[in-house]
Amino acid sequence: MTYFRPNIQALSAYIPGEQPSPETKVIKLNTNENPYPPSPKALQVLRNIDGELLRRYPHPMAETFRQAASQAFGVPPDWILVGNGSDEILTMIFRGFAEPGRKVVYPMPTYVLYRTLSQIQDAETIEIPYPEDYRLPVEELVKAGGSVTFVVSPNSPSGTQIPLDLLDTLAVRLSGVLVIDEAYVDFAETSALELVKKHDNVIVTRTLSKGYSLAGLRLGFAIAHPHLLSGLIKVKDSYNVDAISCLVGAAAIADSEYKNANAEKIKATRSRMAHQLQELGFKIWSSQANFLLVQPASTFPHNAESLYQNLKQQGILVRYFPQPRLNDKLRITVGTPEETEALISAIAKF
Ligand SMILES: *Cc1c(COP(=O)(O)O)cnc(C)c1O
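Keep in mind that this is a model prediction, so the values were computed, not measured.

Some remarks on the site of the ligand
Then step 1. The immediate surroundings of the ligand are formed by Gly85, Ser86, Asp87, Tyr111, Val152, Asp181, Ala183, Tyr184, Thr207, Ser209, Lys210 and Arg218.
Then step 2. With respect to the ligand, the side chain of arginine 218 contributes an N or O atom lying 2.7 Å from an oxygen atom.
Then step 3. When the ligand sits alone it has 390 Å² of accessible area, and the protein chains cover 93% of it.
Then step 4. When grouped by side-chain class, the residues that make up the shell around the ligand number 4 nonpolar, 4 polar and 4 charged.

Encoded structure:
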């Protein structure tokens, strides 16, 4: 006997990466947070928050942030929809486009949350396997016939970026909506943002959690043609973004100089880390994100799972996915140069 809808009863809950309490001293390389602090300008705004701001309800569309994002990306404000993290934007997208009898399509392995959100809607979930080199399987994605199709670029956990021309082709050939999840775009060389102006079926999603060091703030947004956003606005909570996030986020998104400087540091550390792990015999996928997918050589004294356990015992958290295709690999966030050095020397000791 259960009180729940059958699909909710059957659902296995999404398991986020481990989040040890802030007092625990660990090198945390498991959930792709930025190792550098948020913009000082954003922190200054936070310190100056007035009680009156909190007494009132916030703006339903997070207008201050929307204006700042409009400035930062050169798109009109009504092409932007703000959410409580980009995870909430994804929830709105599933509510808006997915239901029983409609297909949700995405290439695998990718962001695991899509499966959970699809099952909540009781939609038909179609997972198309990526080839070993993570080239986008355009033909198979088109054939699957999704009402909505998701592509993460740069992808997690592979870090690989999808070439713009493939996303362009996909947008043209799909009859449904194409969502391009750009959570890691701040660490890449290019973006697919221009596709929202070219195609009325493309939604690009962004977050302040990774590039802007604000995972704790919970702020993300979608950029798309206003007619696509209009349906999403109907399914969102009335006051989905709190007044603090709206103001602090606006200051952060305006400070692209600070964000870019940190991204440059992370990219430099990323290439050193990739080089060092390769020298230790690891297979590395070419990453445009703030993490690396790595596979220990078969001659390495530990397989991926025991390496994960051993590093954890030494206070270094990395991400291990106990699922087909990933259970022989680890996803490791690019930290500060010091954190990366500690990781490399812990691995080299084996
Ligand atoms: C981190 C991440 C998100 C979630 O971002 P939030 O804004 O923190 O909710 C969305 N998509 C992908 C692929 C991510 O890695």
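Notes on the sheet that holds strand E4 (residues 124-129)
Then step 1. One open sheet accounts for 7 strands, arranged E2-E8-E7-E6-E5-E3-E4; its pairing is mixed. Of all strands in the sheet, those bounded by a partner on one side alone are strand E2 (80-83) and E4. The sheet shows a mean angle of 20° between the axes of neighbouring strands, direction not considered.
Then step 2. Set on the sheet, helix H8 (residues 164-173) makes contact with strand E5 (148-152), strand E6 (177-181) and strand E7 (202-207); between it and E6 the angle comes to about 155°.
Then step 3. Where helix H10 (residues 226-235) meets the sheet, its contacts fall on E2, E6, E7 and strand E8 (220-223), and the angle it forms with E2 comes to roughly 30°.

As for the UniProt feature "modified residue: N6-(pyridoxal phosphate)lysine" (unreviewed entry) in the protein
Then step 1. Per the UniProt entry, the sites bearing "modified residue: N6-(pyridoxal phosphate)lysine" (unreviewed entry) are Lys210 in this numbering.
Then step 2. Tracing the backbone through its elements, the reader meets lysine 210 in the loop between E7 and E8.
Then step 3. Lysine 210 sits in the buried class, given a relative accessible area of 16%.
Then step 4. The contact partners of lysine 210, leaving out residues within four places of it in the chain, are Thr31, Asn32, Asn34, Ala183, Tyr184 and Phe187.

Considerations on helix H4 (residues 63-73)
Then step 1. If you check which residues of H4 are buried, you get Phe65, Arg66, Ala68, Ala69 and Ser70.
Then step 2. In this fold, the buried residues of H4 make contact with E2, E8 and helix H11 (243-254).
Then step 3. Of the residues flanking the end of H4, it is glycine 74, one or two places downstream, whose phi is positive at about 65°.

What about the environment of lysine 236?
Then step 1. With respect to the secondary-structure elements, lysine 236 resides in the loop between H10 and H11.
Then step 2. As a C-alpha pair, lysine 236 and isoleucine 89 span 147 residues in sequence and 8.6 Å in three-dimensional space.
Then step 3. Not counting the four nearest positions on each side in its chain, lysine 236 is found in contact with Pro60, Met61, Leu81, Met92 and Arg95.
Then step 4. A polar contact of 3.1 Å, which involves the side chain of lysine 236, links it to the backbone oxygen of serine 238.

As for the packing of helix H5 (residues 86-97) against helix H6 (residues 113-121)
If you want to describe how two helices pack, look at the angle between their axes and the distance between the axes.
Then step 1. It is at 10 Å that the axes of H5 and H6 come closest, and there the two elements cross at 35°. For the pair H5 and H6, the crossing hand works out as right-handed. Between H5, through Asp87, Leu90, Thr91, Phe94 and Arg95, and H6, the contact on the second element is made entirely by Leu113, Tyr114, Leu117, Ser118 and Gln121.
Then step 2. Split by residue class, the contact of H5 with H6 holds 5 nonpolar, 3 polar and 2 charged.

What counts, and where the lines are drawn
Residues numbered from 1 in each chain as written. Predicted model: local features only at pLDDT ≥ 70, side-chain atom pairs only at ≥ 80, totals over all residues. Heavy atoms only, no water. Near = heavy atom within 4 Å. Polar contact = N/O pair within 3.5 Å; in protein donor to acceptor, adjacent residues only side chain to side chain. Areas by Shrake-Rupley, 256 points an atom, 1.4 Å probe, with all protein chains shown as cover. Nonpolar A, V, L, I, M, F, W, Y, C, P; charged D, E, K, R; others polar. Pairing = 2+ DSSP bridges. Helix = DSSP H or I, 4+ residues; strand = E, 2+ residues; numbered from the N terminus. Axes fitted to C-alpha atoms, helices over the stretch in contact; angles between N-to-C directions. Contact = heavy atoms within 4.5 Å. UniProt positions renumbered as here; feature names shortened; annotations may be inferred. Buried < 20%, exposed > 50% of the residue type's maximum accessible area, 1.4 Å probe, protein only. Left-handed = near helix turned anticlockwise from the far one by under 90°.

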